[in-house]
Amino acid sequence: MIAPNAYGALADPTRREILHLLGSEEMSVSALAAHFPVTRPAVSQHLGVLREAGLVDNRKKGRTRYYKTRQEGLTELIDWLAYFDVFWDRKLNALERYLDKR
């Protein structure tokens, strides 16, 4: 089941960029923070929101936490959004047929 706060988590462009970066590799907060003009604690807060939404996981190694995308959370969102792809495809195809008749 999709976490109710997942959509709110994705509404922020910084969090979307964090997910994009984590899509290719596991990263520490410091490594992620190097990509943004915000403080490390601000990146940690963004990661906390993404974690609560079920979109990222973390593991601790020594004193460092490493984050990665949580495939299950993303798959649930993709599946939910796929419904709307089908919906809009049907609606747009119907509109196209209507316009072709004119």
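Computed from a prediction, not measured in an experiment: that's the story for all the values here.

Undergrad: Looking at this structure, how should I read the overall build of the protein chain?
TA: When its secondary structure is counted, the protein chain shows 5 helices and 3 strands. Put simply, the protein chain runs from its N terminus to its C terminus through helices and strands in the order α-α-β-α-α-β-β-α. Referenced to the eigenvectors of the C-alpha coordinate spread, the extents of the protein chain come out at roughly 65 × 30 × 20 Å. Looking at the protein chain residue by residue over its 102 residues, the buried ones come to 26%. Within the protein chain, residue pairs in contact and separated by at least 24 positions form 51% of the contacts whose partners lie at least 6 positions apart.

Undergrad: When you look at helix H2 (residues 13-22) in this model, what are you seeing that I'm missing?
TA: Given 3.6 residues per turn, any residue in an α-helix points the same way as the ones three and four places further on. Listed in full, the buried residues belonging to H2 are Arg15, Ile18, Leu19, Leu21 and Leu22. Summarising the axial view, the buried residues of H2 lie within an arc of 160°, below the 170-degree limit, and thus occupy one face. Seen from the buried face of H2, the exposed residues on the opposite side, beyond 90 degrees, are Pro13 and His20. Put simply, Asp12 is the residue that caps the front of H2, since its side-chain oxygen is 2.8 Å from the backbone nitrogen of Thr14.

What counts as what
Residues numbered from 1 in each chain as written. Predicted model: local features only at pLDDT ≥ 70, side-chain atom pairs only at ≥ 80, totals over all residues. Heavy atoms only, no water. Helix = DSSP H or I, 4+ residues; strand = E, 2+ residues; numbered from the N terminus. Buried < 20%, exposed > 50% of the residue type's maximum accessible area, 1.4 Å probe, protein only. Contact = heavy atoms within 4.5 Å. Arc of directions from axis to C-beta. Polar contact = N/O pair within 3.5 Å; in protein donor to acceptor, adjacent residues only side chain to side chain.

The quantities given are spatial measurements derived from coordinates; they are silent on function.
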